[in-house]
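So you can see what is in the structure, the chains are spelled out below.
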Amino acid sequence: MRRDRSMMAQHKKSASKLHLINDESRAEIDRWIAKYPEDQKQSAVMAALRILQDQNKGYLNNDLIEATAEYLEMPPIAVYEVATFYSMYELEPVGRHKICVCTNISCKLCGSDDVVKHLQERLGIGLGETSDDGRFTLKEVECLGACVDAPMFQLEDNYYGKLTPQRIDEILEGLD
Ligand code: FES
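Residues numbered from 1 in each chain as written. Predicted model: local features only at pLDDT ≥ 70, side-chain atom pairs only at ≥ 80, totals over all residues. Heavy atoms only, no water.

Q: How do you make sense of the side chain of Thr 103 when you look at a structure like this?
A: Structurally, the position occupied by Thr 103 is in the loop between β1 (97-102) and α6 (105-109). On the accessibility criterion, Thr 103 (18% relative accessible area) is buried. A distance of 2.7 Å separates polar atoms of two side chains, one belonging to Thr 103 and the other to Glu 140. Excluding anything up to four places from it in sequence, Thr 103 contacts Lys 108, Ser 112, Val 116, Glu 140 and Val 141. (Helix = DSSP H or I, 4+ residues; strand = E, 2+ residues; numbered from the N terminus. Buried < 20%, exposed > 50% of the residue type's maximum accessible area, 1.4 Å probe, protein only. Polar contact = N/O pair within 3.5 Å; in protein donor to acceptor, adjacent residues only side chain to side chain. Contact = heavy atoms within 4.5 Å.)

Pasting the structure below:
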């Protein structure tokens, strides 16, 4: 009986995913947790997912989602719901540069079709694809709240607006 308990404890310990969160991410998540009441640490779930996505070269996997749930003491399904609902989370590997093109109404009216066409031709990939050399991922997203600069896209953490083919070329030429 004692041995069974010890085996169960061992299994529980090995099932923990907390070791996947590195010290830097942990400190950053803790800063977000501190913004909320002590019994509301789950309010930091979106920030925690973003932090762990950055830690993991831009995408989340099941283990990291479960580690988030464990760290924030949430049911894993609740964290999966967040990670699969919002377009800023990736569940598969992405290129070194992720371009999120808005094709919602304002951007559409101001020429997002041309933006998408130019990007596809220049990068040689379609929406939702990653280039073979791993440099670029092209993604279609809903309104990013920057309609005043339509048509626009998000590249990494920056927004670029009033896009034209020439402007797009200038932006891409500055990338590694
Ligand atoms: S419609 Fe493109 S940012 Fe709002």
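Q: What should I look at first to understand the packing of aromatic side chains in this one?
A: Here the distance between the centres and the angle between the planes together describe a pair of aromatic rings. One pass over the structure, following the stated rule, counts 3 aromatic pairs. Each ring, one from Tyr 86 and one from Tyr 89, has its centre 6.5 Å from the other, and the planes form 85 degrees; the classification is edge-to-face. Taking relative accessible area as the criterion, Tyr 86 reaches 33% and is therefore assigned partly exposed. Taken together through their ring pairs, the aromatic side chains of Phe 85, Tyr 86 and Tyr 89 make up a single cluster. Here the basic side chain of Lys 35 rests over the ring of Trp 32, its NZ or CZ set 4.8 Å away from the ring centre. (Phe/Tyr/Trp six-rings, centres within 6.5 Å; stacked < 30°, edge-to-face > 60°. Lys NZ or Arg CZ within 6 Å of the ring centre and 35° of its normal.)

Q: What exactly am I supposed to notice about unusual backbone geometry here?
A: Most peptide bonds are trans, and most residues other than glycine sit at a negative phi. In this structure, Pro 151 follows Ala 150 across a cis peptide bond, with omega equal to -5 degrees. Checked against the element boundaries, Pro 151 lands in the loop between β3 (136-141) and β4 (153-155). Positive phi values are uncommon outside glycine, yet Glu 156 reaches one of about 55 degrees. With respect to the element layout, Glu 156 can be found in the loop between β4 and β5 (158-160). A residue is classified by how much of its surface remains accessible, and Glu 156, at 36% relative accessible area, is partly exposed. Unlike most non-glycine residues, Lys 162 shows phi in positive territory, near 50 degrees.

Q: Got a minute to help me understand the sheet that holds β5 in this structure?
A: Remark on secondary structure: sheet strands pair via backbone hydrogen bonds, oriented parallel or antiparallel. Read across the sheet, 5 strands follow the order β2-β3-β1-β4-β5 without closing on themselves; strand pairing throughout is mixed. A strand with exactly one partner marks an edge of an open sheet, and here the two such strands are β2 (129-130) and β5. As judged from the 3 bridges shared by β4 and β5, these two strands associate in the antiparallel manner. What sits directly across from Gln 154, in β5, is Tyr 159. Packing against the sheet, helix α8 (residues 165-173) makes contact with β1, β3, β4 and β5, and its axis sits at approximately 10 degrees to β4. (Pairing = 2+ DSSP bridges. Axes fitted to C-alpha atoms, helices over the stretch in contact; angles between N-to-C directions.)

Q: How should I be thinking about the pairing of β3 in this particular structure?
A: Looking along a regular strand, one sees side chains alternate from face to face of the sheet. Extensive coverage of β3 is indicated by the burial of 5 of its 6 residues. As judged from the 2 bridges shared by β2 and β3, these two strands associate in the antiparallel manner. Within the sheet, the bridge partner assigned to Glu 129 lies in β3 and is Leu 138.

Q: Even after reading the chapter, I still don't get helix α5 (residues 76-85), so can you show me in this structure?
A: Along an α-helix, a turn takes 3.6 residues, which lines up residues three or four apart on a common side. Three or more residues of α5 are buried, namely Val 79, Val 82 and Ala 83. Seen end-on, α5 carries its buried residues on one side only, within an arc spanning 95 degrees. Turned more than 90 degrees away from the buried face of α5, the exposed residues are Ile 77, Glu 81, Thr 84 and Phe 85. Here the buried face of α5 lies against α3 (45-55) and α4 (62-72). (Arc of directions from axis to C-beta.)

That's the geometry; what it means functionally is another story.
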